[in-house]
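Summary of the model geometry
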Amino acid sequence: MHLTYLPQRGRADPILLLLLDSSTQFTHSTLAYAEWDALKSSGQAVAPEYPFSKLPTFRFGHGARGGNDTTLAETAAILGFLEKKLAPVGTTASPPDATARLTMILSSSLELLAHLLALTSTTTTSPPPSFLLPPHRSALLTTITTYLTSLEHHLSSSFFPPLFSDPLPLAQPGTNLTPAAATAVTVISFVQDLFPSELGGGNGGGMEEQFPKCEELRREVEGRDKIREWIEGGRGGFEGVWGRSEYATKEWFDECDKKAKEMV
């Protein structure tokens with residue numbers, strides 16, 4: 001199994017969370033932005049290596065079945081494949097209502113993640129974006145808190161299979177981490193980088209005060225052994241990096257946070 005993405009956090013994070021939690025052997029490579037731009041402009045970013053000219057891509061073989069490797073694109077498609085591929089032995093099919101609810105959370109999380117990544121995709125040659133400064137800051141916060149309010153509600157509800165379960169025993173292969181939970185945690189992590197004052201993580205942070213179930217979800221997922229090791233190692237070297245420019249880094253988000261306070 002091989003995962004390819006850009007040198008940043010974002011759409012590949014939920015995929016990595018499932019792979020890491022399952023202890024599955026895989027490789028992970030990054031394409032430099034200039035390399036990816038060149039592939040697209042030259043018409044080489046096409047199937048079979050880059051389906052629909054999208055990243056991330058995920059390539060896997062078929063074991064004893066043989067045949068050519070398969071390459072998938074689109075985070076949702078890759079997560080759907082891994083959810084079944086890495087499911088623990090004995091996993092039963094989810095009831096339609098639970099499946100629909102998890103799909104709803106996954107879709108909403110991917111939609112917000114795409115929106116936030118688009119906001120931070122400004123190049124270094126462009127003027128600094130203003131979405132983290134008043135008055136735009138409050139509008140973005142409203143969008144985010146609307147999402148978090150719904151997520152908090154579903155985390156407080158009882159349905160099976162749940163959005164999140166206790167980790168599997170160490171000796172049991174696979175993962176019970178759902179794509180919905182992995183993607184929601186990625187969004188929460190992004191939000192905490194973007195809004196450290198209003199929705200920061202940790203004890204006493206804004207996320208814990210306003211959306212305690214969301215913060216609990218992040219802590220539980222990021223506290224799983226393999227995932228914790230990856231985070232402590234700097235998330236593959238891309239901690240706090242959400243895009244190609246200086247305006248997509250936690251350092252710049254923190255500067256905007258400071259300026260926003262001064263402008264109030």
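Just so you know, these numbers come straight off a predicted model, no measurement behind them. (Residues numbered from 1 in each chain as written. Predicted model: local features only at pLDDT ≥ 70, side-chain atom pairs only at ≥ 80, totals over all residues. Heavy atoms only, no water.)

Moving on, we get to the overall build of the protein chain. On a plain count of helices and strands, the protein chain comes out with eleven helices and four strands. Taking 18 Å as the expected radius of gyration for a compact globule of 264 residues, we find that the protein chain reaches 19 Å, a close match to that expectation. Projected onto the principal axes, the alpha-carbon positions of the protein chain cover approximately 60 × 50 × 35 Å. With 264 residues in all, the protein chain has 45% of them scored as buried. (Helix = DSSP H or I, 4+ residues; strand = E, 2+ residues; numbered from the N terminus. Rg over C-alpha atoms; globule rule 2.2 N^0.38 Å. Buried < 20%, exposed > 50% of the residue type's maximum accessible area, 1.4 Å probe, protein only.)

With that settled, the discussion passes to the pairing of strand 2 (residues 27-30). Taken together, the four bridges between strand 1 (residues 2-5) and strand 2 define a ladder with parallel strand orientation. For His-2, the partnering residue across the bridge sits in strand 2 and is Thr-27. (Pairing = 2+ DSSP bridges.)

Turning to unusual backbone geometry, a few remarks are in order. With an omega of 10°, the peptide bond running from Ala-47 to Pro-48 counts as cis. Cis rather than trans, the peptide bond between Leu-55 and Pro-56 has omega equal to 5°. Looking at the secondary structure, you find Pro-56 in the loop between helix 2 (33-41) and strand 3 (57-60). With a phi angle near 60°, Ser-23 is a residue other than glycine that sits in the positive phi range. In this structure, Ser-23 sits in the loop between helix 1 (13-22) and strand 2. According to the relative accessible area criterion, Ser-23 is partly exposed, its value standing at 44%. We note that Phe-52 has phi near 60°; this positive angle belongs to a residue other than glycine.

Right, let's talk about the environment of Ala-34 for a bit. As for its position among the elements, Ala-34 is in helix 2. For Ala-34, a relative accessible area of 57% gives the class exposed. For the pair Ala-34 and Glu-255, spaced 221 residues apart in sequence, the C-alpha to C-alpha distance is 27 Å.

Let us now look at the confidence of the model for the protein chain. Residues of the protein chain with pLDDT of at least 70 account for 95%, and the chain-wide mean is 92. Per-residue pLDDT, averaged within each element of the protein chain, yields its smallest value for helix 4 (residues 96-119) (94) and its largest for strand 1 (98). (pLDDT = per-residue confidence, 0-100.)

Quick look at the sheet that holds strand 4 (residues 70-73) now. As summarised here, the arrangement of the four strands in space is 2-1-3-4, forming an open sheet in which the pairing is mixed. The two strands at the open ends of the sheet, each matched to only one other strand, are strand 2 and strand 4. Sheet twist, expressed as the mean angle between neighbouring strand axes with direction ignored, is 20°. Contacts from helix 3 (residues 75-85) reach strand 3 and strand 4 within the one sheet, and its direction differs from that of strand 4 by about 125°. (Axes fitted to C-alpha atoms, helices over the stretch in contact; angles between N-to-C directions. Contact = heavy atoms within 4.5 Å.)

This part takes up the pattern of salt bridges. Applying the stated criterion across every chain yields a total of 18 salt bridges. With a shortest N-O distance of 3.0 Å, Arg-235 and Glu-239 are connected by a salt bridge. Close ionic contact of Lys-250 with Asp-254 constitutes a salt bridge, the shortest N to O distance being 3.2 Å. With a gap of four residues between them, Lys-250 and Asp-254 both fall in helix 11 (residues 250-263), about one helical turn apart. Salt bridges sharing common partners tie together Glu-208, Glu-215, Arg-218, Arg-219, Glu-222, Arg-235 and Glu-239. (Salt bridge = Lys/Arg side-chain N within 4 Å of Asp/Glu carboxyl O.)

The interhelical angle for the contact between helix 1 and helix 6 (residues 179-194), taken along N-to-C directions, is 125°, at an axis separation of 8 Å. Here helix 6 runs oblique to helix 1, going by the angle between their axes. Crossing of helix 1 over helix 6 shows right-handed handedness. Judged by residue contacts, Asp-13, Pro-14, Leu-17 and Leu-18 of helix 1 engage Pro-179, Ala-182, Thr-183, Val-185 and Thr-186 from helix 6. Grouping the constituent residues of the contact of helix 1 with helix 6 by class yields six nonpolar, two polar and one charged. (Parallel < 35°, antiparallel > 145°, perpendicular 65-115°, else oblique. Left-handed = near helix turned anticlockwise from the far one by under 90°. Nonpolar A, V, L, I, M, F, W, Y, C, P; charged D, E, K, R; others polar.)

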